[in-house]
Every structure is written in structure tokens, then in C-alpha cells.
Amino acid sequence: MTGIRHLALATAAATVAFVPAARADCVICANSIVMNEDLADCFLQKYADPASISGDTVAVDLSRCEKSRSVVLALPEPKAAIEEPDIKFLLSRGQVECLKDKLQSDEIDLDPSARIDLDTCR
């Protein structure tokens, strides 16, 4: 019986040691996203309160609040490549808060769109 008890304790300790590491790194979450002003505004409205986020992984769906896709934009200059915005992606709770901070800063120009690196947002 002592061997089984030691095995159970070792298994429990290994599980407890492993779980925080698994939650800290979301392997299925986006590394970067492309966003425009309309989608950024929508994201900031949807995720204004971090307490409203449930779970460690958030499925972000901005398809209902997108406005600018239906507008036909003028042709860009040959050097400028415009990427299509991402409207559905997965983020960790930390990435949601980090993206919110990045979108609220003046560092990102979202006209017409911008690729936002989320690797530093784990």
C-alpha cells in the first residue's frame, strides 16, 4: 500500500508542477494578427472589461462588427501591400489584455491595416 501511496503522491506532484506551465503558453493561440481601425474599435468594446473574460483561451470573433470590408478601397500604391484583417482567432487571456493595451496606445497605425505581433504578449 505504501508503494501505491508514493506513486499517487508523485503523480499528483507532477500534475501540479505541469499545469501552470501548460496554462502559461497557448500553443494554438495567434502569434500575430492583422487589424484595421473598425475591428480594433470593436475589439476594444467587446473586451473592455478583463473580468468578463472566462477561461484561459479566448475565441475572438469580430465578424459581426466588421464594417470596412464592404467598402471598396482605392488601389494601393505598388509598394504598399494591404493585408486582409483577421476576424476570427484564438488568444490567451494575457494576449487579450496585451492586445488591448497595444490598440489603445498611439504606436500602431491601423490605416488601412496593421500586423500586430503578439509573441511578446504571453
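Each remark here, short or long, concerns the structure printed above.
## Brief notes about the pairing of strand 4 (residues 114–117)
Right, so step 1: Burial along strand 4 is one-sided: Ala114 and Ile116 are buried, while Arg115 and Asp117, pointing the other way, are not.
Right, so step 2: One ladder, built from four bridges, connects strand 1 (residues 32–35) with strand 4; its direction is antiparallel. What sits directly across from isoleucine 33, in strand 4, is isoleucine 116.

## Some points on a negative patch on the surface
Right, so step 1: A grouping of Glu37, Asp41, Asp109 and Asp111 is seen on the molecular surface, where their side chains present a negatively charged patch.
Right, so step 2: As for its placement among the helices and strands, aspartate 109 is situated in the loop between helix 3 (93–104) and strand 4.

## Side note on the side chain of glutamine 95
Right, so step 1: Mapped onto the fold, glutamine 95 is located in helix 3.
Right, so step 2: Side-chain polar atoms of glutamine 95 contact the backbone oxygen of alanine 30, separated by 2.9 Å.
Right, so step 3: Within the structure, glutamine 95 has its side chain in polar contact with the backbone nitrogen of serine 92 (distance 2.8 Å).

## A word on the packing of aromatic side chains
Right, so step 1: Under the defined criterion, the tally for this structure stands at one aromatic pair.
Right, so step 2: Geometrically, the ring pair formed by phenylalanine 43 and tyrosine 47 is tilted, given 4.9 Å between the ring centres and 40° between the ring planes. Tyrosine 47 shares its class with phenylalanine 43; the two are buried.

## Some remarks on the packing of helix 2 (residues 37–46) against helix 3
Right, so step 1: Following both chains from N to C, one finds helix 2 and helix 3 inclined at 130°, their axes separated by 10 Å at the closest point. With respect to their mutual orientation, helix 2 and helix 3 come out oblique. Read as a crossing pair, helix 2 and helix 3 show a hand that is left-handed. In contact with Ala40, Phe43 and Leu44 of helix 2, helix 3 contributes Val96, Leu99, Lys100, Leu103 and Gln104.

Quick notes on the rules
Residues numbered from 1 in each chain as written. Predicted model: local features only at pLDDT ≥ 70, side-chain atom pairs only at ≥ 80, totals over all residues. Heavy atoms only, no water. Buried < 20%, exposed > 50% of the residue type's maximum accessible area, 1.4 Å probe, protein only. Helix = DSSP H or I, 4+ residues; strand = E, 2+ residues; numbered from the N terminus. Pairing = 2+ DSSP bridges. Patch = residues over 30% accessible without salt bridge, like charges linked within 9 Å, V, L, I, M, F, W, Y side chains within 5 Å. Areas by Shrake-Rupley, 256 points an atom, 1.4 Å probe, with all protein chains shown as cover. Salt bridge = Lys/Arg side-chain N within 4 Å of Asp/Glu carboxyl O. Lys, Arg positive; Asp, Glu negative; His and termini not counted. Charge placed at Lys NZ, Arg CZ, Asp CG, Glu CD. Polar contact = N/O pair within 3.5 Å; in protein donor to acceptor, adjacent residues only side chain to side chain. Phe/Tyr/Trp six-rings, centres within 6.5 Å; stacked < 30°, edge-to-face > 60°. Axes fitted to C-alpha atoms, helices over the stretch in contact; angles between N-to-C directions. Parallel < 35°, antiparallel > 145°, perpendicular 65-115°, else oblique. Left-handed = near helix turned anticlockwise from the far one by under 90°. Contact = heavy atoms within 4.5 Å.

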